[in-house]
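Report on the structure
Chain by chain, the residues:
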Amino acid sequence: MSQVELIDITKSYDKQKDVLNGINLSIEEGEFFVLVGPSGSGKSTLLRMIAGLEEISGGFLKINDQTVNHLPPKERNLSMVFQNYALYPHLTVEQNILFGLKARKVEKREQQIRLMEAAEMLGLTELLKRKPRELSGGQRQRVALGRSVVSHAPLCLMDEPLSNLDAKLRANMRVQIRRLQKQLGLTMIYVTHDQVEAMTMGDRIMVLNEGKIQQVGKPITLYNEPENLFVASFIGSPKMNLGNAAFFADGNHLIIENQLHISIDPDVIMGVPKDRNLKVGIRAEHLFPGESKKDHIHHLEAVNVEQLGNETLIAFEVGSELWTAKWPGQWTIEFGQKVPVQILPQYLLFFDVETGQLIQSADIGKLREVVTI
Amino acid sequence: MRMANSALEANETFMYQVERVKKKNRKLSFIKGMLFLLPSLILFSVFLFYPMLKTIYLSFFLTDAKGATTVFVGWDNYKEIFTDSVFLKGMKNTFLFVFYTVPLTVIISLFLTVIANEKLKGIGVFRTIFSSTMGVSVAAASVFWLYLFNPTMGLLNKFLELLGAESIGWLTDPDWALFAVSVTTIWMNIGFTFLILLGGLQSIDSSLYESADIEGSSYFYKLRRITIPMLSPTLFFVITVSIINAFQTFGQIDILTQGGPANETNLIVYSIYREAFVNYQFGSASAQAIVLFIFILLMTALQFKLGERRVHYQ
Ligand SMILES: Nc1ncnc2c1ncn2[C@@H]1O[C@H](COP(=O)(O)OP(=O)(O)OP(=O)(O)O)[C@@H](O)[C@H]1O
Ligand SMILES: [Mg+2]
């Protein structure tokens, strides 16, 4: 199995400004590591550097404690699934899968064994004689996976492999990839720009923005304690509600977006400076329906309602921001209606306006146990 | 019952109307299509279809020196050319010429393309050089080679002299003439072939190579398993065009050898030209042209038949 270490990695194309900057990272053996970030943040570049397809401008890349900066791709002992699958259009599925084994002159019998094994696992047995153009998107995807499976390489890199699939197939493939990785004990580095994919698949997630690491951690940690505003708004769907806020002179009242007055027990906000402008955030599921409750009720104007069936998303206008609440069940709410909403101070996250860094995460978030069975 | 009937009738009239509108639309789109085709139809008719029909017509006649028909001879012109030693020699030369030029042109161009496709500094200069003969006209190229082949002052013989070898009459020695013309032709055609092949090579998705790199493929494995098969449609195109071009070679023959020595470089198009405009035998020249046309047609059809099985299209 493989362990990957990136030490102060930088990358710039043609001496222009850095695409990646100061990447320090350690990926454990057998880990499912997800790289996530918006378009152009440098995810593919990082992955291609690990694969050896892109030169490393600065820093060291270690695989199994060996510096591999100058090793060509074929000597790094890894497999890669490309975003566009990179299947050879003139070869059959079988030839595609065996391409690498033939190149490495693996013994014929061994080739067949691995082929059958992979075909079985991925449900490709019926399709071995077909050409890629005769396959559906999901089947091509599985062939691309098959190619990486038969290589028996301990480190597998995937670049947005599911981005071309429909929602249902994508959900199905997520499970399959995850299971495959656990079954074979692969170390996986998986690139995606879809934060749902990142949350559901990763053992750990790294959020990248403009070539810099924003945060590395477990999905739940990123969700509950985002280190800065970028991570807060990037992770989670719908995204976290954010607003400018300031304390009243007495330090017991918070005004959000010049509209919401919230009285806070000083104990809750011990670490938060009272004399500064702040950003506060609150998750959509923490804006509770307020009709049968008494304290911390605010009447907000609903500007949009989305019925999802099992839950309802309601958008409220709060100052210049739109806040979204996620309520379980089905709610009938008119546009423009004033709706009572409960905003409990325990659920608020506080960020520094200037640096965007987290000052204090939701009190409740830390207390609440993640249910483990 | 009545109601149903009238409904049915209404339906029928409706269907009838729909039919009529459809017909009108079809007519309209036909007229539009014709309008688009008209310019090329006119050009083709004037410069292609008419001369071709005229050639077929002429091939059944004897003519005077001006090309006017005199006596109808039916298939006689055709029968004669197959016993005409000059024509047969021209045929043989043409096949030899194709055999000398086409494979070499394609192989050399392919080699140049593959090395020019490497990502190296200054490779653009080489690409420009390799494709430059594309911009040289047949006449200029022929004159250029005429100087190189010159028996006394030519660079080639000077070079042989330097090596202490005997000088060669490149264009006057019957053993060397066709070879010399072939070399000129290969040199001329490399530019075009190179450019087309380079285009084909660059349209191959680079991620295929990257993927192969990761899977541990060697340079020649990639060349054999990816480059050549992915390039096969382009190669096929280039080969077909090269063969047709070789069959139609005229300019360099006219400038370099005029078909000599002893008809050794008398290729079929040149022989047709001689028959018509030197011997004034327009009838038999036309018959030869038709035979050549049928030959090229058959060759190309055969290639497509063979090619289809081997060529991989996306
Ligand atoms: N060959 C190149 N030359 C110059 N700049 C490049 C090159 N490849 C990528 N870049 C730049 O590097 C940055 C990161 O690109 P990268 O492909 O890694 O983004 P990404 O995070 O994978 O985005 P996406 O989600 O859209 O795939 C972008 O700003 C891009 O413009
Ligand atoms: Mg990318």
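Here's what I pulled together on the structure shown here. Keep in mind it's a predicted model, so treat the numbers as computed, not measured. Residue positions within a chain follow its written sequence, with the count starting from 1. Starting at A for chains and at 1 for ligands, labels are handed out in the order in which the entities are written. Local features in this predicted model are restricted to residues of pLDDT 70 or higher, and side-chain atom pairs are both shown and tallied only at a pLDDT of 80 or more, whereas totals for entire chains, interfaces and linings draw on every residue. Derived side-chain values reflect all non-hydrogen atoms in the structure, with water molecules and hydrogen atoms excluded from consideration.

So, about the overall build of chain A. Within chain A, the secondary structure is distributed over nine helices and 21 strands. In terms of overall dimensions, chain A has a C-alpha envelope of 80 × 45 × 40 Å along the principal axes. Type-normalised accessible area, obtained with a 1.4 Å probe on protein chains alone, sets the label of each residue: buried when under 20%, exposed when over 50%, and partly exposed for intermediate values. Buried positions account for 53% of the 373 residues belonging to chain A. Any pair of residues with heavy atoms lying within 4.5 Å of one another is described as a contacting pair. Excluding contacts between residues fewer than 6 apart, the proportion of contacts in chain A whose partners are at least 24 apart in sequence is 66%. A total of about 17400 Å² of accessible surface is found on chain A, and carbon and sulfur atoms cover 48% of it. Under the counting rule used here, the positive set is Lys and Arg, the negative set is Asp and Glu, and His together with the chain ends is not counted. A single reference atom marks each charge: NZ on Lys, CZ on Arg, CG on Asp, CD on Glu. Looking at charge distribution, chain A has the averaged site of its 41 positive side-chain charges lying 10 Å from that of its 45 negative ones. Secondary structure elements are defined from DSSP: runs of H or I of at least 4 residues count as helices, runs of E of at least 2 residues count as strands, and each element is numbered from the N terminus. Note on areas: Shrake-Rupley, 1.4 Å probe, and residue coverage restricted to the protein chains presented here.

In this section: empty space enclosed by the protein. Residues and elements named next belong to chain A. The rule is simple: put a 1 Å grid over the protein atoms alone, call a set of points where a 1.4 Å probe fits but cannot get out a cavity, call an open set with protein on both sides within 12 Å along at least five of seven lines a pocket, and count a residue as lining if it has an atom within 4 Å of a point. Grid points are joined across faces, edges and corners, and a volume is the space filled by probe spheres set on the points. Under the counting rule described, the total for this entry stands at two cavities of 30 Å³ or more. The volume enclosed by the second largest cavity comes to roughly 30 Å³. Lining the second largest cavity, in full, are Leu-145, Ser-148, Val-149, Cys-156, Met-158, Ile-177, Leu-180, Gln-181, Leu-186 and Met-188. Elements that contribute at least two residues to the lining of the second largest cavity include exactly α4 (137-150), β7 (155-159) and α5 (167-184). Within the lining of the second largest cavity, the residues separate by chemical class into eight nonpolar, two polar and no charged. Each residue receives one of three labels: charged for Asp, Glu, Lys and Arg, nonpolar for Ala, Val, Leu, Ile, Met, Phe, Trp, Tyr, Cys and Pro, and polar for the others, Gly being one of them.

Below, the discussion takes up the pairing of strand β3 (residues 32-36) of chain A. Sheet faces and side chains relate simply in a regular strand, where the side chains alternate between the two faces. Residue and element names in this part refer to chain A. The element β3 is largely enclosed, with a buried count of five among its five residues. A two-sided burial pattern is seen for β3, the buried positions comprising Phe-32, Val-34 and Val-36 on one face and Phe-33 and Leu-35 on the other. What makes two strands pair is DSSP finding at least two bridges between them. With four bridges connecting them, β3 and strand β9 (residues 204-209) associate as parallel partners. By the bridge assignment, Phe-33 is partnered in β9 with Arg-204.

What follows is about the sheet that holds strand β4 (residues 58-63) of chain A. Residues and elements named next belong to chain A. Ordered by their spatial adjacency, four strands build an open sheet running β2-β1-β4-β5, and the pairing between neighbours is antiparallel. What marks the edges here is a single partner per strand, and that holds for β2 (20-27) and β5 (66-67). The pairing of strand β1 (residues 4-11) with β4 spans five bridges and is classified as antiparallel. Paired with Leu-6 across the bridge in β4 is Leu-61. Those strands touched by helix α1 (residues 43-51) are β1, β2 and β4, and its axis lies near 120 degrees from that of β1. Think of each axis as a best-fit line through the C-alpha atoms, taken over the contacting stretch in the case of a helix, with angles from 0 to 180 degrees between the N-to-C directions.

Stacked, edge-to-face and tilted are the three classes for Phe, Tyr and Trp ring pairs, Trp counted by its six-membered ring, which pair at centre distances within 6.5 Å; planes under 30 degrees apart are stacked, over 60 edge-to-face, the rest tilted. In this structure the tally under the stated criterion is 34 aromatic pairs over all chains. With 5.3 Å between their ring centres and 75 degrees between their planes, Phe-61 of chain B and Phe-72 of chain B make a pair best called edge-to-face. Of this pair, Phe-61 of chain B sits in strand β1 (residues 61-63) while Phe-72 of chain B sits in strand β2 (residues 69-72), and the two are 11 residues apart along the sequence. Judged by relative accessible area, Phe-72 of chain B falls into the exposed class, the value being 56%. Look at NZ for Lys and CZ for Arg. If either is within 6 Å of the ring centre and within 35 degrees of the ring normal, a charge sits over the ring. One residue, Lys-11 of chain A, lies across the ring of Tyr-13 of chain A, its end atom 4.9 Å from the ring centre.

The subject of this paragraph is the layout of surface pockets. All names here are of chain B. Looking at the largest pocket, its volume works out to about 1100 Å³. Lining the largest pocket are 29 residues, with Asn-117, Glu-118, Lys-119, Tyr-209 and Asp-213 positioned closest to its centre. The set of elements that each furnish at least two residues to the lining of the largest pocket consists of α7 (177-202), α8 (206-214) and α9 (219-247). Across the lining of the largest pocket, the residue classes tally to 10 nonpolar, seven polar and 12 charged.

General note: in soluble globular proteins, nonpolar side chains tend to be found buried as a group. Put simply, buried Ala, Val, Leu, Ile, Met, Phe, Trp, Tyr and Cys residues joined by side-chain atoms within 4.5 Å make one nonpolar core. If you look at the biggest cluster of nonpolar residues, it comprises 84 residues, and the most contacted ones within it are Leu-6, Ile-23, Leu-61, Met-80, Leu-157 and Ile-189 of chain A. By residue number, the principal contributor to this core is α9 of chain B, which donates nine residues. Discounting residues that sit within four places of it in the chain, Leu-61 of chain A has contacts with Val-4, Glu-5, Leu-6, Ile-9, Met-49, Ile-50, Ile-56, Gln-66, Thr-67, Val-68, Asn-69 and Arg-76 of chain A. Of all hydrophobic cores here, the second largest spans 43 residues; its members include Leu-87, Leu-128, Val-143 and Met-201 of chain A.

All right, on to the packing of helix α5 (residues 138-149) of chain B against α7 of chain B then. The relative placement of two packed helices is expressed as an angle between their axes plus a distance between the axes. All names here are of chain B. Taken N-terminus to C-terminus, the directions of α5 and α7 make an angle of 135 degrees; their axes are 10 Å apart at the nearest point. With respect to α7, the element α5 is oriented oblique. In this structure, α5 meets α7 at a crossing whose hand is right-handed. For the pair α5 and α7, contact is made by Val-138, Ala-141, Phe-144, Trp-145 and Phe-149 and by Ala-180, Val-183, Thr-184, Trp-187 and Met-188, respectively. Across the contact of α5 with α7, the residue classes break down as nine nonpolar, one polar and no charged. Geometric relationships in this document are graded by angle, where less than 35 degrees denotes roughly parallel, more than 145 denotes roughly antiparallel, 65 to 115 denotes roughly perpendicular, and other angles denote oblique. Note on convention: near helix rotated counterclockwise from far helix by under a right angle means a left-handed crossing. Clockwise means right-handed.

Here the focus is the environment of Gly-336 of chain A. All names here are of chain A. Examined against the element boundaries, Gly-336 turns out to sit in the loop between β18 (321-328) and β19 (338-343). The class for Gly-336 is partly exposed, based on a relative accessible area of 43%. Between the C-alpha atom of Gly-336 and that of Pro-226, which follows or precedes it by 110 residues, the distance is 32 Å. Leave out the neighbours within four places in its chain, and Gly-336 touches Glu-301 and Ala-302.

With 20 residues of chain B at the contact, the number on the chain A side is 24 residues. Summing the contributions of chain B and of chain A, the shared interface buries around 1900 Å²; its carbon and sulfur component is 58%. When the buried area of chain B at its contact with chain A is split by residue, Ile-214, Glu-215 and Arg-225 of chain B rank highest and sum to 37% of it. Salt bridges, as used here, are contacts in which a Lys or Arg side-chain nitrogen is within 4 Å of a carboxyl oxygen on Asp or Glu. For the interface between chain B and chain A, the tally reads two salt bridges. Buried area is calculated as the accessible area (1.4 Å probe) missing from two parts once they are joined, with the contributions of both summed.

Another point: the environment of Ala-212 of chain B. Tracing the backbone through its elements, the reader meets Ala-212 of chain B in helix α8. For Ala-212 of chain B, a relative accessible area of 0% translates into the label buried. Discounting chain neighbours no more than four positions away, the residues touching Ala-212 of chain B are Tyr-88 and Phe-99 of chain A together with Ser-217, Lys-222 and Ile-226 of chain B.

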